[in-house]
Protein chains: 4
Amino acid sequence: MMDMPQTFRSRCYRILEGIHPPGVTGRVVDALLILLISANVIAAILETVESIYAAYGPSFDRFEIFSIAVFSIEYLVRVWVCVDDPERQDQTPLKARLRYIVSPLALIDLFAIAPVFLGLLFNVDLRWLRLFRLLRLFKLTRYWSGLNLLYRVMRDEAPTIGAALFILSIVMVLASGGIYLFENKAQPDAFGSLPEAMWWTVTTLTTVGYGDVVPVTPWSKAFGGLISLIGIGMIAFPAGILAAGFAEQVRRSQKLYRERVDEAMSEGPVTGEMVAELEEARTELGLSEDMASDIVRSEVARKDEDAYCPHCGGPLPRGDR
Amino acid sequence: MMDMPQTFRSRCYRILEGIHPPGVTGRVVDALLILLISANVIAAILETVESIYAAYGPSFDRFEIFSIAVFSIEYLVRVWVCVDDPERQDQTPLKARLRYIVSPLALIDLFAIAPVFLGLLFNVDLRWLRLFRLLRLFKLTRYWSGLNLLYRVMRDEAPTIGAALFILSIVMVLASGGIYLFENKAQPDAFGSLPEAMWWTVTTLTTVGYGDVVPVTPWSKAFGGLISLIGIGMIAFPAGILAAGFAEQVRRSQKLYRERVDEAMSEGPVTGEMVAELEEARTELGLSEDMASDIVRSEVARKDEDAYCPHCGGPLPRGDR
Amino acid sequence: MMDMPQTFRSRCYRILEGIHPPGVTGRVVDALLILLISANVIAAILETVESIYAAYGPSFDRFEIFSIAVFSIEYLVRVWVCVDDPERQDQTPLKARLRYIVSPLALIDLFAIAPVFLGLLFNVDLRWLRLFRLLRLFKLTRYWSGLNLLYRVMRDEAPTIGAALFILSIVMVLASGGIYLFENKAQPDAFGSLPEAMWWTVTTLTTVGYGDVVPVTPWSKAFGGLISLIGIGMIAFPAGILAAGFAEQVRRSQKLYRERVDEAMSEGPVTGEMVAELEEARTELGLSEDMASDIVRSEVARKDEDAYCPHCGGPLPRGDR
Amino acid sequence: MMDMPQTFRSRCYRILEGIHPPGVTGRVVDALLILLISANVIAAILETVESIYAAYGPSFDRFEIFSIAVFSIEYLVRVWVCVDDPERQDQTPLKARLRYIVSPLALIDLFAIAPVFLGLLFNVDLRWLRLFRLLRLFKLTRYWSGLNLLYRVMRDEAPTIGAALFILSIVMVLASGGIYLFENKAQPDAFGSLPEAMWWTVTTLTTVGYGDVVPVTPWSKAFGGLISLIGIGMIAFPAGILAAGFAEQVRRSQKLYRERVDEAMSEGPVTGEMVAELEEARTELGLSEDMASDIVRSEVARKDEDAYCPHCGGPLPRGDR
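Residues numbered from 1 in each chain as written. Chains lettered and ligands numbered in written order. Predicted model: local features only at pLDDT ≥ 70, side-chain atom pairs only at ≥ 80, totals over all residues. Heavy atoms only, no water.

Draft legend 1. Geometry of the overall build of chain A. Within chain A, the regular secondary structure consists of 11 helices and zero strands. Each helix and strand of chain A, placed in order from N terminus to C terminus, yields the pattern α-α-α-α-α-α-α-α-α-α-α. Across the 321 residues of chain A, 48% fall into the buried class. Of the contacts made within chain A by residues no fewer than 6 positions apart, 62% connect residues no fewer than 24 positions apart. (Helix = DSSP H or I, 4+ residues; strand = E, 2+ residues; numbered from the N terminus. Buried < 20%, exposed > 50% of the residue type's maximum accessible area, 1.4 Å probe, protein only. Contact = heavy atoms within 4.5 Å.)

This is the structure in structure tokens:
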């Protein structure tokens, strides 16, 4: 964190992008933007109710224009200030801005406003425009630190979840084939073809069970019961995979946090800045305060007591910690 | 645990607040209160059945008056005796009582009786009063030690569960938008607006699947099947998060219990009091008897074998093992 | 395992109670009994279908008489031979038999035949007698080694599961109260009282969702959606608790198996009998063959390489293994 | 990997069986086969829709003939080249081919084409033939590396899952018996016999809840609510078992990968080939890149710091860390 001159642009950067620790202005701007995004999505939902839109249509339209204006300004300011990102210091301003524009968060911001401007140019169905506004919900991603952990678990477990989905699709195709054979004659309407039979299979395997299509002959009921039982496995597999994934991430986060603590302690007396950095690391890694303080406590204890033999002063082996 | 003079108030405190180990009177009072609370909730439920209330109305009313009397006395006695809490010894009686009154358990006790007295002052709908009596169920919280563990898991996993809920709400809004587009024309009644479409989405994503609203066109069935499959993930995520959370708490409880055992062992010969304290710690930490005895056994073994420096033969400190 | 004289009774004991390793006769007797129990339950189920009973009634009755005869003989033989149980060697025959009779497995065997004999003495409804025969399914418990693990997990997690059930019952009572308030006027039939409202709540919280009772007003739909979402938590909690419980049991089993392996290795050269005992321990502890061989391999490696410094021959510390 | 002469047959082997790292031709052939298999299954599904088959029947038939030709050639080529498998080098060509033919993957390939040839010989129902084509989906198993992990978890947890299924079947039989007693008189159609009652039980215990059969009397509703709650357990058990199983496999994979890394490091400077082998091991073991790099990093650190005897300073063996 180099000491950069506090130009207006860099102040904007610090306010919008939430340097740690965030100042009061940064918090207020964040809160207002979160509020505006939420209000936007709620408005887009409520507008589809005809009676509400008939009564408050003009207000909704004014609120939409106001929101578009704010989001457009926000987008432009973010593109303007992104060159103050310490990680982009070594890029030319143009390159830094182009790179920022194609970053995921910036694309989300763009998609939140682009449909409206496209709608002005071309003749787009109003209903589609309204639904595109629901995508503004993605703008909240920026403010949610817990998503990191979920993303890491999803990424690490992707091959296993893919294999579970492959098994699910095999089961779904075979179960549809089976129920098609069993019920085709009894209910030619609901089970007249494999795609139609798949509707029953998917609602059964996911244990949704609407009941709009139900097997009626004894044998297909027996087969349907079997598929329901297999459906339990289809839920248990992803739950088990994700459970192992989360447990692994917790272990990994604890290890990374321990390394950070070790590093901080090896640099001499602990300063306020280091505490703030550790706190930021803790939030990023998704560790609870209890876990973090346990780790700090145990590292302090280890450093004090365990590195040297208290009797002869010789270094002690550490085991596999 | 200082040796306080056994005044009547401190006796009441010991009986009501369940000092470990609880005496016979304490157990009996606890059992009677649990019975009364349970009977109260069952009565409040049964009273809403008209035929039952018509037949036994006066008995219900008498039971209610009796319960209110008991709960009011219980509340006043608890406020009176709370100054005997060893943790409040250093506060003035008034301050101790005011602090107790705003503690969660005391507020639950207050909410269990307050609506009735408010009902006497103002003209409150009888049905609301009856339903407020259901809140008396919370009075049982006091007697349930396993809740600690659930609370700790919930608190530690709150950010991750929050992120999962954020994803859930994104999925829900987008799925509602999708089904609204697909089914709006086919079923203008059930999918006439986004809020109405959300009813289908929530029953599908949670795999409840009442079947009162079901997609009927082929494309929306395909979309509905996709949403059902995503619904599996919406169940698997919290299950996985909580599984990792419980596993982490178990590990943490074992570590804390190990430290307690270490401490107890380092204080010389183990006394009956220490055993009682360890047993209390075990219950609080939510460890099973098997786990606890495993830990004690391994600590004893470690003390015997592992405690000497390989260099000079002197006893070693333990660190965070 | 003392070398007892092979009397007829002790031979019967070995055949029926499955001494490890079981002989051929023991396996055949086990298989025949499992077959008979399964056939009995299937017969009890099929008899309730009127058309089947009308056609094959006498055959069913003959099969029942035959089964009762076999199960009665089995029960008497088990009571007769139980004195050969090595663990009962120090009891008098009478005491050993009385103790055996009140053991859970013996009581299950008794309940499998007792209703029939009671039915001969008193005039019992035939339908009840038939359903009591379903309890014979419990006789299979004896042959299922994996149940140990499930039982241990259930026992260790009982307090936590109890707390989850307590929260579930609070949620259920409050949700019933809420939907009762919201829907009572719109659907006085389905939500006329709290017990009736509970039917909707339980089918929603467990995500069964029959759809026979569904909220219809907008506010109660919103409330119902909220309850559905909470229902996900009600499924995720037990799944998470059990996942942590199973993980803990696996860790514990591995530790116990490691101790057994250590013990076996410390007794000098490994004999065939020791291998058989380890194999039995493995099955009892519910470890997979991979896990067991991993443990054996690592213990052998540790014994050979790690106990002494290869350079100076001094004993090495072990860390926290 | 001996350096074998690049005959045409061995080239085919390398292309079809995907030697690591796969060449460009191998990747293209794999992609084309995956595409063809997927198109086949989709075609088999769409053909059952009468309107589609009426319109495009001949095209479907031509595509089927083309697919059969390709799959037959693929099968014959695989049988021809299998003798180039390094693991079959020591078998005579005939024996190698016979062994290959009865291997699971070859049998899947055979079942994908055999029904058609049988259909030419005998007069088989066209509908059955069509459904047999769905089994071609299994041909994709060959290309899915994540399935290994799922298979290992299933195999290791089989006894525990078997025990859970045993409990499930006991609960199902007893619940069917109970609801049969409660509802038999009120709904003689839906609950007229135990097998019919089982349909309700299975849809309730699996939380599918179609709602085609629902208890109507108060007592059977109370009983049904209880069964729904038990149904939560029936989902939570397999989820918990699989979660522990996946966690165990992750731990085991990390250990095996650590051993591989150790081995690689002990053989002197790391070569590109070793990196490729480690990468292959990582994919096979189902480890994420993060986990793998963590392990490599910690092993490197350990090698540097931890490898010397605290007594004499000599390098130490590693044991099972």
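Draft legend 2. Region of the structure containing the relation of the copies chain B and chain A. Mapping chain B onto chain A leaves a residual RMSD of 0.1 Å; the transformation is a rotation of 90 degrees accompanied by 0.0 Å of translation along its axis. In short, the pair behaves as if placed about a four-fold rotation axis. (Least-squares fit on C-alpha atoms with pLDDT ≥ 70 in both.)

Draft legend 3. Layout of the environment of Val173 of chain C. Within the secondary structure, Val173 of chain C is located in helix α7 (residues 147-183). Linking Val173 of chain C and Lys221 of chain C, residues 48 residues apart in sequence, is a C-alpha distance of 18 Å. Not counting the four nearest positions on each side in its chain, Val173 of chain C is found in contact with Val41, Ile45, Leu134 and Leu137 of chain B together with Met198 of chain C.

Draft legend 4. Seen up close, a negative patch on the surface. Residue and element names in this part refer to chain A. Together, Glu263, Glu267, Glu273 and Glu277 make up a region of like negative charge exposed at the surface. On the secondary structure map, Glu267 appears in the loop between α9 (218-266) and α10 (272-285). You can call Glu267 exposed: its relative accessible area is 55%. (Patch = residues over 30% accessible without salt bridge, like charges linked within 9 Å, V, L, I, M, F, W, Y side chains within 5 Å. Areas by Shrake-Rupley, 256 points an atom, 1.4 Å probe, with all protein chains shown as cover. Salt bridge = Lys/Arg side-chain N within 4 Å of Asp/Glu carboxyl O. Lys, Arg positive; Asp, Glu negative; His and termini not counted. Charge placed at Lys NZ, Arg CZ, Asp CG, Glu CD.)

Draft legend 5. Up close: the domain arrangement of chain A. Residues and elements named next belong to chain A. According to the domain assignment, chain A contains domain 1 (4-143) and domain 2 (144-321). Between domain 1 and domain 2 lies a buried interface of about 350 Å² when both sides are counted; carbon and sulfur atoms form 62% of it. Taken together, the links from domain 1 to domain 2 amount to zero salt bridges. One can count zero residue pairs in polar contact (both at pLDDT 80 or more) joining domain 1 with domain 2. Residue classes in the side of domain 1 that touches domain 2 are distributed as two nonpolar, two polar and one charged. (Domains from an automatic or database assignment. Buried area = accessible area lost by both parts, 1.4 Å probe. Polar contact = N/O pair within 3.5 Å; in protein donor to acceptor, adjacent residues only side chain to side chain. Nonpolar A, V, L, I, M, F, W, Y, C, P; charged D, E, K, R; others polar.)

Draft legend 6. Layout of the interface of chain B and chain A. Every contact between the two is made by 64 residues of chain B and, on the other side, 57 residues of chain A. Surface buried jointly by chain B and chain A totals about 5,100 Å² across both partners, of which 72% is contributed by carbon and sulfur atoms. One salt bridge connects Glu259 of chain B with Arg297 of chain A, and the closest N-O pair in it is separated by 3.8 Å. At the boundary of chain B with chain A, the tally comes to eight residue pairs in polar contact (both at pLDDT 80 or more). Elements with a minimum of two residues in the side of chain B that touches chain A: α7 (147-183), α8 (194-205) and α9 (218-266) of chain B.

Draft legend 7. Summary view of the packing of helix α7 (residues 147-183) of chain D against helix α9 (residues 218-266) of chain D. Residues and elements named next belong to chain D. The interhelical angle for the contact between α7 and α9, taken along N-to-C directions, is 175 degrees, at an axis separation of 9 Å. Taken together, the axes of α7 and α9 are roughly antiparallel relative to one another. Counted by class, the contact of α7 with α9 contains 19 nonpolar, six polar and four charged residues. (Axes fitted to C-alpha atoms, helices over the stretch in contact; angles between N-to-C directions. Parallel < 35°, antiparallel > 145°, perpendicular 65-115°, else oblique.)

Draft legend 8. A look at the nonpolar core. By size, the foremost hydrophobic cluster in this structure holds 228 residues, and its most contacted members are Phe246 of chain A, Phe246 of chain B, Phe246 of chain C together with Phe246 of chain D. Ignoring anything within four residues of it in the chain, the contact list for Phe246 of chain A reads Leu149, Leu150 and Val153 of chain A together with Thr160, Phe237, Gly240, Ile241 and Ala244 of chain B. (Core = buried A, V, L, I, M, F, W, Y, C linked by side-chain atoms within 4.5 Å.)

Draft legend 9. Representation of the environment of Gln254 of chain A in the model. Looking at the element boundaries, Gln254 of chain A is found in helix α9. The buried category is assigned to Gln254 of chain A, whose relative accessible area is 15%. Residues Gln254 of chain A and Asp294 of chain A, spaced 40 residues apart in sequence, show a C-alpha to C-alpha distance of 9.9 Å. When neighbours within four sequence positions are excluded, Gln254 of chain A is seen to be in contact with Leu287, Met291 and Ile295 of chain A together with Glu248 of chain B.

Draft legend 10. Region of interest: unusual backbone geometry. Residues and elements named next belong to chain A. Even without being glycine, Thr207 reaches a positive phi, approximately 55 degrees. Take Thr207: it is sitting in the loop between α8 (194-205) and α9. On the basis of relative accessible area, Thr207 is assigned to the buried category, the value being 0%.

Draft legend 11. Focus on helix α1 (residues 8-17) of chain C. For α1 of chain C, every residue scored as buried is listed here: Ser10, Cys12, Tyr13 and Leu16 of chain C. Looking down the long axis of α1 of chain C, one finds its buried residues gathered within 155 degrees of arc, a one-sided arrangement. (Arc of directions from axis to C-beta.)

Draft legend 12. Main features of α7 of chain C. Taking 1.5 Å as the rise per residue, α7 of chain C with 37 residues should run 54 Å; its terminal C-alpha atoms sit only 45 Å apart, a clear shortfall. At Ala158 of chain C, α7 of chain C is deflected by roughly 65 degrees, the largest bend along its length, and proline Pro159 of chain C occurs up to four residues later in sequence. (Expected span 1.5 Å × (residues − 1). Bend = angle between axes of the 7 residues up to and from the residue.)

Draft legend 13. Seen up close, the state of the cysteines. Evaluation of the coordinates by the stated rule reveals zero disulfides over all chains. Considering cysteine sulfurs only, Cys82 of chain A is the nearest to Cys12 of chain A, which forms no disulfide, with 13 Å between them. (Disulfide = S-S within 2.5 Å.)

Draft legend 14. Examining the pattern of salt bridges more closely. Applying the stated rule across the entire model yields 68 salt bridges over all chains. Lys139 of chain D serves as the salt-bridge partner of Asp109 of chain D, at 3.1 Å between the closest nitrogen and oxygen. Of the two residues, Asp109 of chain D sits in helix α5 (residues 104-121) while Lys139 of chain D sits in the loop between α6 (126-132) and α7, which places them 30 residues apart along the sequence. Comparing Asp109 of chain D with Lys139 of chain D shows no difference in burial state: the two are buried. What emerges from the salt-bridge pattern is a single network uniting Arg155, Asp156, Arg252 and Glu259 of chain A together with Asp290, Asp294 and Arg297 of chain D.

Draft legend 15. Highlighting the side chain of Glu183 of chain B. Residues and elements named next belong to chain B. Within the secondary structure, Glu183 sits in helix α7. It turns out Glu183 is buried and unbridged, and the closest side chain with the opposite charge, Lys221, is 8.3 Å from it. One polar contact links Glu183 to Thr217, side chain to side chain, over a distance of 2.9 Å. Glu183 has contacts with Phe191, Pro215, Val216, Thr217 and Ser220, leaving out every residue within four places of it along the chain.

Draft legend 16. Spatial organisation of the environment of Arg251 of chain A. Residue and element names in this part refer to chain A. Of note, Arg251 is situated in helix α9. Residue classification places Arg251 among the partly exposed residues on the basis of a relative accessible area of 29%. Taking the C-alpha atoms as reference points, Arg251 and Val49, 202 residues apart in sequence, are found 48 Å from one another.

Draft legend 17. Spotlight on the packing of aromatic side chains. Residues and elements named next belong to chain B. Counting across every chain of the model gives 25 aromatic pairs over all chains. Residues Phe8 and Trp80 carry aromatic rings whose centres are separated by 6.1 Å and whose planes lie at 45 degrees to one another, so their mutual orientation is tilted. Remark: Trp80 occurs in helix α3 (residues 50-81) and Phe8 occurs in helix α1 (residues 8-17); sequence separation between them is 72 residues. The class of Phe8 is exposed, set by a relative accessible area of 53%. (Phe/Tyr/Trp six-rings, centres within 6.5 Å; stacked < 30°, edge-to-face > 60°.)

Draft legend 18. Representation of the side chain of Thr160 of chain D. Considering the arrangement of structural elements, one finds Thr160 of chain D in helix α7. Look at Thr160 of chain D and you get buried, because its relative accessible area is 5%. Once residues within four sequence positions are removed from consideration, Thr160 of chain D is found in contact with Leu149, Leu150 and Phe246 of chain C together with Ile241 of chain D.

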